[in-house]
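Residue strings, one per chain:
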Amino acid sequence: MRIYLQVPNLKTEFRTPHRRAEQAIASPTHLEIESLKKLQLMGSTVAPKLLAEKVPGESFDINWFWGLSDKSRADIRLKFKALYSEILAFRIQIFPPVPSKIIYDFETGTMHLGVL
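Residues numbered from 1 in each chain as written. Predicted model: local features only at pLDDT ≥ 70, side-chain atom pairs only at ≥ 80, totals over all residues. Heavy atoms only, no water.

Asker: Can you break down the overall build of the protein residue by residue, with the values?
Answerer: For the protein, the helix and strand inventory stands at four helices and three strands. Each of the 116 residues in the protein was classed as buried or not, and the buried ones make up 28%. Of the contacts made within the protein by residues no fewer than 6 positions apart, 57% connect residues no fewer than 24 positions apart. Only carbon and sulfur atoms are counted for the fraction: they give 60% of the accessible area of the protein, which is about 8800 Å². (Helix = DSSP H or I, 4+ residues; strand = E, 2+ residues; numbered from the N terminus. Buried < 20%, exposed > 50% of the residue type's maximum accessible area, 1.4 Å probe, protein only. Contact = heavy atoms within 4.5 Å. Areas by Shrake-Rupley, 256 points an atom, 1.4 Å probe, with all protein chains shown as cover.)

Okay, here's the thing in structure tokens:
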């Protein structure tokens, strides 16, 4: 889950709510949500359904990864390459590209991207 907070401009935090409201963005655009919508419309299977699906697995842990056998790491790399190739085909970039955005289910070998 991500929580967004609009922070008042410097030295305006003690002004009246009406004055601070002038700084607010009426409808901020969140790239993560727009990317998830685009992936769903294009039929992608790599991202969970927007706000509706809890996929099996846990956030990827890089320390756990390096503790695996060479074969297991190679299998995970192949799965990630396929997943990332699908994302790139939809012209979506993962930013920032951090391992914790990868959801991996070791039992089934399925991989999804959490928040893009």
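Asker: Report on the sheet that holds strand β2 (residues 102-105), specifying residues and quantitative values.
Answerer: If you trace the three strands from one edge of the open sheet to the other, you get β1-β2-β3, paired in antiparallel fashion. At either margin of the open sheet sits one strand with a lone partner, and together these are β1 (58-59) and β3 (110-113). Relative to β2, β1 is paired through two bridges, and the arrangement is antiparallel. Following the sheet pairing, Ser-59 is matched in β2 by Ile-103. Packed on one face of the sheet, helix α4 (residues 70-89) meets β2 and β3 and runs near 40° to β3. (Pairing = 2+ DSSP bridges. Axes fitted to C-alpha atoms, helices over the stretch in contact; angles between N-to-C directions.)

None of this, on its own, says anything about what the molecule does.
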